[in-house]
Amino acid sequence: MPHNRRTTASTCCYCGVGCGVLIEHDDERILGVQGDPQHPANFGRLCSKGSTLHLTGDADARAQFPELRLGKGLSRTRTDWDTALEHAAGVFAETLREHGPDSVAFYVSGQLLTEDYYAFNKLARALVGTNNIDSNSRLCMSSAVVGYKRSLGADAPPCSYEDIELADCVLIAGSNMAYAHPVLFRRLEEARARRPEMKLIVIDPRVTDTAEAADLHLAILPGTDVALFHGILHILLWEGWIDRAFIDAHTDGLDELKALVRDYGPLAVAEICGIAVDDLQRAAQWIGQSPSVLSLWCMGLNQSTAGSAKNSALINLHLATGQIGRPGAGPFSLTGQPNAMGGRETGSLSNLLPGHREAANVEHRAEVAAYWGVERLPESPGLSAIELFDAVRDGRIKALWIACTNPAQSLPDQTRVREALATCPFVIVQEAFTTSETCQYADLLLPAASWGEKEGTVTNSERRISHVRPAIPAIGEARADWNIVCDFARRLEQHLRPGESSLFDFGSPSALFDEYKLLTRERDLDLSGIDYALLDTRGPQQWPFRAGATQGTERLYGDGQFPTANGRARLIAEPYRAPKEKRDARYPLILNTGRLRDQWHGMTRTGTAPQLFGHVEEAILGLHPDELRRRRISDGQLVRLHSRRGELVLPVQADDRLRPGQAFLPMHWGDRYLKGLGINVLTLPAVDPLSRQPELKHATVEVSRIELSWQFFALVEGNVQKRFDALRPLFEDLRYASFSPIGRERPALVIRAAHHEAPSADWLARIDALLDLGDGPVMAYDDPRRTVGKRVRIEQSRIVSLRLAGETAARAWLRELWKEGRADQELRRWLLAPLSAAPGKAGAAADKTLCNCLNVSQSRIQAGIDKGLDLEGLKCELKCGTACGSCVPEIKRLLAQKPLAATA
Ligand SMILES: Nc1nc2c(c(=O)[nH]1)N[C@H]1C(S)=C(S)[C@@H](COP(=O)(O)OP(=O)(O)OC[C@H]3O[C@@H](n4cnc5c(=O)[nH]c(N)nc54)[C@H](O)[C@@H]3O)O[C@H]1N2
Ligand SMILES: Nc1nc2c(c(=O)[nH]1)N[C@H]1C(S)=C(S)[C@@H](COP(=O)(O)OP(=O)(O)OC[C@H]3O[C@@H](n4cnc5c(=O)[nH]c(N)nc54)[C@H](O)[C@@H]3O)O[C@H]1N2
Ligand code: SF4
Ligand SMILES: [Mo]
């Protein structure tokens, strides 16, 4: 252990749970990470992603130096910060002069810290003079923002994490918490173990790990949530399970809502939602009769053309039953990104201003302008993400600044997004990793400091602000986001307001925080009583936290007073509308997209830790077995998945946790790990009319057979990032290619590819050279008819590199040999055999790592189960599930399947 090993308390940079982490480091490198026992979000726990943070962030993948391209078609070259920012300020000044303030735009992110967010906002609205600043929160939280604002009067989740433990009935809608908010899910599991009488209802079209834990799973047809919530309200009204006194004293709109939900009788709703009437009744009864009801929701509600309606229809249930403002009760929207909340607070959606203000409100604009000391703020409405990229594509936006988000992976309808990025005259990408899909479009790449290297604050789902502390200096020449923005802004001021005092004279993130917080004073989120020193002495705090207060606020609306004009909450009457894209004969399947347990978004960070691919290794489409049968497609086969907008080639897997007619694809794959434009080449840019949030969970698609007779498989150890970068471009012309870093102690890159004919011998020779299979201790065999070619490199009696071309039946077997470090006679015999098939029973799928913390595979767990071990026995003997616990739901599923396995 290095003698100067130290610990810095900070936060996890992934999800909105906002766990505290203790970063172990030696002031230069991050060496380890532990959950912070003092942090009130996680009390020491971490999930599979948080606990592997120290294994991520490979320097080979990091952006380390500014790079500038001096003309389209040229390549970028390294430059220094002065040149980079002077150039950017010059281009912005000229664009503003020629085309006006609305010809530039900023597209930022819920993974920025509050101080970064605030600096970007001030830059866009006060200096540049445009409202064209939007965030990836538009794809994530904007429906929840609308839901809270119009139903309750302000964008404030009224609950605390503790309420998850206190509730008598928890309703989870459109959230796979077990994967996406694991530490909160652990808190829920533990509470249910202590209080088994607690009820859990899960609403999700799929059987997820979260749904499997439920007492009642409503597997509704995609997009039908509004009908379901209205149907529940219909029963609540009919049965008298409402809180009349609360409704009368604290809400408006009952009559209209009552008139609407009259049409949502149980039979009709059960039919629309595709569920049993009894289940609907039971859900209503639990909601109507439990002493306290808490709802948790996420993207299954928000990412919809009815996202705002879904949010308000759910909040209606709380208002009608008075289930708000009390321990264990309330509508609790789970936030996705670590600082989704900070973005909303600082006004980082185009329609907002700092301090929960509105860009369209004259008084709000005047207040902020006065505080900033500028004459006025821009009046013309800003563009929201989808509109913004449309405006880039049709040339209205001439300079685009993208920070901390990867739109060339995460926005819907990638073909259009890519066209926009390719045509934009000037694109700045402020990024921590060069591997993001968007980097290729950067005319100016600004390297950003990332997790463990930067300071500021974040607000988690329960309105709790934490101090994010740096452990080590930023890599290379990377700089903190706030610092880049302020430096640029001061240079732009030289062009736009020379001689005047700077609006961006901030020397530290705390200076930004101190300026920003006063914009929240006397607003609903008033956090003016917080500063870094307080967070350091008293720990993370929940807003509102007014100046002079001694503590923050656990729960809102306990007094029934809502921040609306008349103090009353609003029941919203909006009818159910079906999703935008309808199924038809050409596109008969509904494509749903979402998270995996161990990956984060476009995988720039998680993709650098090969062990995180142990759970799910490649992009696979899930489809009900009936749909496969109907199309005469076998499990594991490569298929062509296509929508009205684009296509992908990838393997399909039979999945009876989906209903027939539905398909599921993880959201993580862009064009790096899978050939194609990524999964969002299939999705559509239709948006909710109020929140402008796109419908990312509902595109219609079809799956077709595809004949790709030539197959390729390779596995090569060591230098994963470098090999990846060298090999990846060579696969661009093949029909299918997938890349996965794998392994633990010995990281390796796995490549699978397929095409309708064999590529040239020359191509194969280039690949072999990059795989170290060109010369040295390499065993080779090419069968005379050239249907199969095999190469294996063995060093110190171990396989270190191999490839199969033509036909790849032995790939799973070879992988096992590699993993076990075997290179014996059996391998030699196989190598010289004319066909590729492996000896013994071959072709089995690769084993998956269920427990990533303790490295326990599914097959070992299954063997334990077959031996008669129960969960405790498995934990005791194999140690699986004893660290972060993320794998426990899946182990429970294997245990539940036991009788099946026994009779099979
Ligand atoms: N492991 C991991 N965790 C993450 C992230 C990550 O990338 N990886 N990202 C973070 C971010 S930014 C976010 S926003 C959150 C997202 O967290 P979640 O929203 O929980 O995750 P998703 O998997 O996107 O979607 C949740 C569920 O919505 C369901 N769904 C689809 N359509 C419908 C519908 O019409 N109605 C209902 N009721 N449900 C539907 C899907 O089947 C899916 O199981 O996760 C955060 N946490
Ligand atoms: N089909 C489909 N699409 C989706 C979704 C879905 O469910 N289905 N979910 C949507 C949702 S909810 C979200 S939130 C988005 C997420 O989409 P993105 O925002 O595109 O996701 P990330 O890959 O997290 O992008 C963050 C980028 O910032 C970089 N980065 C990391 N740290 C820093 C830093 O400190 N500074 C800077 N400047 N850069 C940094 C990372 O390398 C990464 O490239 O995806 C959306 N897209
Ligand atoms: S639940 Fe996991 S990903 Fe989310 S903040 Fe906690 S450790 Fe990080
Ligand atoms: Mo998100």
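Because the structure is a prediction, the values reported are computed rather than measured.

A. Main features of the domain arrangement of the protein chain. Each assigned domain of the protein chain is listed here: domain 1 (6–56), domain 2 (67–138 + 339–542), domain 3 (142–333), domain 4 (589–705), domain 5 (710–836) and domain 6 (849–903). Using C-alpha coordinates to define each centre, domain 3 is positioned 27 Å away from domain 4. Each partner contributes residues to the interface: domain 3 has 27 residues there, and domain 4 has 23 residues. Taken over both partners, the interface formed by domain 3 and domain 4 buries close to 2,100 Å², and the fraction arising from carbon and sulfur atoms is 49%.

B. Quick peek at the site of ligand 1. Neighbouring ligand 1 are 32 residues; Asp204, Gly223, Asp225, Arg595 and Gln599 lie closest to it. Interatomic distance of 2.8 Å between a backbone N/O atom of methionine 299 and an oxygen atom of ligand 1. At 3.2 Å, a backbone N or O of arginine 597 approaches a nitrogen atom of ligand 1. Protein contact buries 99% of the 910 Å² of open area that ligand 1 shows by itself. Broken down by class, the residue content of the shell around ligand 1 amounts to eleven nonpolar, 13 polar and eight charged. Here the shell around ligand 1 spans two domains, since at least three of its residues come from each of domain 3 (142–333) and domain 4 (589–705).

C. Structural context of the environment of leucine 301. Structurally, leucine 301 is set in helix 13 (residues 299–302). Its relative accessible area of 0% is what places leucine 301 among the buried residues. On a C-alpha basis, the gap between leucine 301 and alanine 173 in space is 7.1 Å, while along the polypeptide they are 128 residues apart. Among all residues touching leucine 301, those that are not within four sequence positions of it are Ala173, Gly174, Asp225, Phe229, Gly307, Lys310, Asn311 and Leu314.

D. Here's a closer look at the packing of aromatic side chains. Scanning the entire structure with this criterion turns up 27 aromatic pairs. An aromatic cluster is present here, built from Phe613, Tyr673, Trp710, Phe712, Phe724, Phe731, Phe739 and Trp763 joined pairwise through their rings.

E. View of helix 20 (residues 481–496). For helix 20, built from 16 residues, the straight-helix expectation of 22 Å at 1.5 Å per residue is met to within 8% by its first-to-last C-alpha distance of 22 Å. Of the positions making up helix 20, those classed as buried are Asp481, Trp482, Ile484, Val485, Cys486, Asp487, Phe488, Ala489, Arg491, Leu492 and Glu493. Contacts made by the buried residues of helix 20 are with helix 1 (81–99), helix 2 (114–128), strand 16 (399–403), strand 17 (426–431), strand 18 (444–447) and helix 21 (509–517).

F. Geometry of the UniProt feature "domain: 4Fe-4S Mo/W bis-MGD-type" (unreviewed entry) in the protein chain. UniProt records the feature "domain: 4Fe-4S Mo/W bis-MGD-type" (unreviewed entry) at residues 5–61, using the numbering of this structure. The distance separating the terminal C-alpha atoms of residues 5–61 is 25 Å; by composition the span is 0% helix and 32% strand.

G. How the structure looks around the sheet that holds strand 17. Taking strand neighbours across the sheet as the criterion, the seven strands line up as 5-4-18-17-16-6-7 in an open arrangement whose pairing is mixed. Whereas interior strands pair on both sides, the edge strands pair on one side only; in this sheet they are strand 5 (77–78) and strand 7 (133–135).

H. Representation of the environment of glycine 499. Inspection of the secondary structure puts glycine 499 in the loop between helix 20 and helix 21. On the basis of relative accessible area, glycine 499 is assigned to the exposed category, the value being 83%. In the structure, glycine 499 is positioned 50 residues away from alanine 449 in sequence and 31 Å away in space, judged by C-alpha atoms.

I. Looking closely at the pairing of strand 12 (residues 293–297). Of all five residues making up strand 12, five are buried, and the element is well covered by its neighbours. A two-sided burial pattern is seen for strand 12, the buried positions comprising Val293, Ser295 and Trp297 on one face and Leu294 and Leu296 on the other. Across five bridges, the pairing between strand 8 (residues 169–173) and strand 12 is parallel. Residue cysteine 169 lies in a different strand from strand 12, and its bridge partner there is valine 293. Of the strand pairs in this sheet, strand 12 and strand 13 (residues 330–333) are connected by four bridges, and their pairing is parallel. Opposite serine 295, over in strand 13, you have proline 331 as the bridge partner.

J. Layout of the packing of helix 8 (residues 225–239) against helix 14 (residues 307–321). Where helix 8 contacts helix 14, the axes come no closer than 8 Å and their chain directions differ by 15°. Considered as vectors, helix 8 and helix 14 are oriented roughly parallel to each other. When you trace helix 8 past helix 14, the crossing you get is left-handed. Note on element contacts: helix 14 touches helix 8 through Ala309, Lys310, Ala313, Leu314, Asn316, Leu317, Ala320 and Thr321, opposite Asp225, Val226, Phe229, His230, Ile232, Leu233 and Leu236. Of the residues belonging to the contact of helix 8 with helix 14, the class tally is ten nonpolar, three polar and two charged.

K. The arrangement of the pattern of salt bridges in detail. A complete count under the given rule lists 74 salt bridges for this structure. Across the pair arginine 6 and aspartate 27 runs a salt bridge whose closest N-O atoms are separated by 2.8 Å. Here arginine 6, found in strand 1 (residues 6–11), pairs with aspartate 27, found in the loop between strand 2 (20–25) and strand 3 (30–35); they are 21 residues apart in sequence, far enough to count as distant. By relative accessible area, aspartate 27 is classed as partly exposed at 33%. Linked by salt bridges that have partners in common, Asp82, Glu86, Arg479, Asp487 and Arg491 make up one network.

L. Summary view of the nonpolar core. Phe92, Phe106, Phe120, Leu123, Leu228 and Trp401 are the most contacted members of the largest nonpolar core, which has 161 residues in total. With nine residues, the top contributor of residues to this core is helix 2. Not counting chain neighbours up to four residues away, the residues in contact with tryptophan 401 comprise Phe92, Ala105, Phe106, Tyr107, Phe120, Leu123, Ile428, Gln430, Leu446, Ile484 and Phe488. Ranked by size, the runner-up nonpolar core spans 53 residues in total, among them Leu628, Leu682, Ala754 and Leu771.

Definitions and limits used
Residues numbered from 1 in each chain as written. Chains lettered and ligands numbered in written order. Predicted model: local features only at pLDDT ≥ 70, side-chain atom pairs only at ≥ 80, totals over all residues. Heavy atoms only, no water. Domains from an automatic or database assignment. Contact = heavy atoms within 4.5 Å. Buried area = accessible area lost by both parts, 1.4 Å probe. Near = heavy atom within 4 Å. Polar contact = N/O pair within 3.5 Å; in protein donor to acceptor, adjacent residues only side chain to side chain. Areas by Shrake-Rupley, 256 points an atom, 1.4 Å probe, with all protein chains shown as cover. Nonpolar A, V, L, I, M, F, W, Y, C, P; charged D, E, K, R; others polar. Helix = DSSP H or I, 4+ residues; strand = E, 2+ residues; numbered from the N terminus. Buried < 20%, exposed > 50% of the residue type's maximum accessible area, 1.4 Å probe, protein only. Phe/Tyr/Trp six-rings, centres within 6.5 Å; stacked < 30°, edge-to-face > 60°. Expected span 1.5 Å × (residues − 1). UniProt positions renumbered as here; feature names shortened; annotations may be inferred. Pairing = 2+ DSSP bridges. Axes fitted to C-alpha atoms, helices over the stretch in contact; angles between N-to-C directions. Parallel < 35°, antiparallel > 145°, perpendicular 65-115°, else oblique. Left-handed = near helix turned anticlockwise from the far one by under 90°. Salt bridge = Lys/Arg side-chain N within 4 Å of Asp/Glu carboxyl O. Core = buried A, V, L, I, M, F, W, Y, C linked by side-chain atoms within 4.5 Å.

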